[in-house]
Amino acid sequence: MTRYLIVLLFTLSTSLQAQLPFDKEVKQIQEINDSIWDSSKKTIVFTGSSSIRLWKDVQERFPDHQVLNTGFGGSQFSDLQHYLDELILNYNPVKVFIYEGDNDVFAKKRPRKIIQIAQNIIDTLQQKKPDMEIVLISAKPSISRWKFRGRYRRLNRKLHKLASETKGIDYVDVWYPMLDKRKVRQDIFIEDGLHMNSKGYDIWYDVIKNYMD
């Protein structure tokens, strides 16, 4: 019976791994980045959900650095946790910028649970590459998800606290720069009210550039 249970658990585990929803997209991301990555140069990785994936000119905005974009749309912290090697560690980066949490909150995950997974990710990355700097990008405000702003602010406070209490971790606030007084700016998004246009990425660039070196 014991042997049967072990085989059954192994089979279930293998089946679940084979069904991860982002496998195909992550393989495509790897193929693209493997074709342009110069392993002899210092590398900075940007990863996370669609706000990273759609930042098409991130390399052009930081021409003095080798930048790889490994963002995968719709992802949450728990999804990134499955692909730390493929999307981050395999490129031996000196620094990684992580944008997750936006979809976690929208999926109604509690901030405490989100932070637990973020902490697990940080622990794994620091264990495997202790000298790599990690930058957590705050959740952004958006028109389509503005009604959840209280939850996003709570998550951002926890992300900030996590970064401030962990050596080698920085926190970048993009929330408040994207506001016009107490409301989210209306001119920095595409039609869906969630993803940013070039003006939105101008704001991100102005904030993030201070954390590149």
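First, a word on what this report is: a plain description of the structure on this page. (Residues numbered from 1 in each chain as written. Predicted model: local features only at pLDDT ≥ 70, side-chain atom pairs only at ≥ 80, totals over all residues. Heavy atoms only, no water.)

**Examining the layout of surface pockets**
Right, so step 1: Estimates place the volume of the largest pocket at around 390 Å³.
Right, so step 2: Considered class by class, the residues forming the lining of the largest pocket number eight nonpolar, six polar and four charged. (1 Å grid on protein atoms, 1.4 Å probe; cavity = no way out; pocket = protein on both sides within 12 Å on 5 of 7 lines; lining within 4 Å. Points joined across faces, edges and corners; volume = space filled by probe spheres on them. Nonpolar A, V, L, I, M, F, W, Y, C, P; charged D, E, K, R; others polar.)

**Some remarks on the packing of helix α8 (residues 111-128) against helix α9 (residues 149-164)**
Right, so step 1: In contact at an axis separation of 10 Å, α8 and α9 are set at 30° when each is read in the N-to-C sense. Put simply, α8 runs roughly parallel to α9. Note that α8 runs across α9; the crossing there is right-handed. Mapping the contact onto sequence places Pro111, Arg112, Ile114, Ile115, Ala118, Gln119 and Ile122 in α8 and Arg154, Leu155, Lys158, Leu159 and Leu162 in α9. (Axes fitted to C-alpha atoms, helices over the stretch in contact; angles between N-to-C directions. Helix = DSSP H or I, 4+ residues; strand = E, 2+ residues; numbered from the N terminus. Parallel < 35°, antiparallel > 145°, perpendicular 65-115°, else oblique. Left-handed = near helix turned anticlockwise from the far one by under 90°. Contact = heavy atoms within 4.5 Å.)

**Things to note about unusual backbone geometry**
Right, so step 1: Notably, lysine 108 is not glycine yet its phi reads approximately 70°, a positive angle.
Right, so step 2: Mapped onto the elements of the fold, lysine 108 is located in the loop between α7 (102-106) and α8.
Right, so step 3: Under the relative-accessibility criterion, lysine 108 is labelled exposed at 64%.
Right, so step 4: At lysine 181, a residue that is not glycine, the phi angle is positive and equals roughly 60°.
Right, so step 5: Along the chain, lysine 181 falls in the loop between β6 (179-180) and β7 (183-184).
Right, so step 6: Overall, lysine 181 belongs to the exposed group, its relative accessible area being 78%. (Buried < 20%, exposed > 50% of the residue type's maximum accessible area, 1.4 Å probe, protein only.)

**Examining the nonpolar core**
Right, so step 1: Core analysis: the biggest nonpolar cluster contains 63 residues, and Phe46, Ile98, Leu125, Ile134, Trp204 and Ile208 have the highest contact counts within it.
Right, so step 2: In terms of residue count, α8 provides more of this core than any other element does, seven residues in total.
Right, so step 3: Excluding residues that lie within four positions of it along the chain, isoleucine 134 makes contacts with Val96, Ile98, Ile122, Leu125, Gln126, Gly168, Ile169 and Asp170. (Core = buried A, V, L, I, M, F, W, Y, C linked by side-chain atoms within 4.5 Å.)

**Some details on the sheet that holds strand β5 (residues 169-172)**
Right, so step 1: Spatially, the five strands line up as an open sheet ordered β2-β1-β3-β4-β5, and their pairing is parallel. Of all strands in the sheet, those bounded by a partner on one side alone are β2 (66-69) and β5. Direction aside, the axes of adjacent strands within the sheet are offset by 20° on average.
Right, so step 2: Two strands pair when backbone bridges link them, and strand β1 (residues 43-48) and strand β3 (residues 95-99) are joined in this way by five bridges, in the parallel orientation. Residue pairing in the sheet places threonine 47 in a bridge with isoleucine 98 of β3. (Pairing = 2+ DSSP bridges.)

**Considerations on α9**
Right, so step 1: Relative to the 22 Å expected for 16 residues at 1.5 Å per residue, α9 spans 22 Å between its end C-alpha atoms, a close match to the ideal helical length.
Right, so step 2: Those residues of α9 that fall on the buried side of the exposure criterion are Tyr152, Leu155, Asn156, Leu159, Leu162 and Ala163. Each buried residue of α9 lies within a common arc of 120° when the element is viewed along its axis, so the set occupies one face. Opposite its buried face, α9 presents the exposed residues Arg157 and Ser164, each directed more than 90 degrees away. (Expected span 1.5 Å × (residues − 1). Arc of directions from axis to C-beta.)

**Description of the pattern of salt bridges**
Right, so step 1: This structure, assessed with the given rule, holds eleven salt bridges.
Right, so step 2: Aspartate 202 serves as the salt-bridge partner of arginine 61, at 2.9 Å between the closest nitrogen and oxygen. With arginine 61 in helix α4 (residues 58-61) and aspartate 202 in helix α10 (residues 198-208), this pair connects stretches of sequence that are 141 residues apart.
Right, so step 3: The class of arginine 61 is buried, set by a relative accessible area of 17%. (Salt bridge = Lys/Arg side-chain N within 4 Å of Asp/Glu carboxyl O.)

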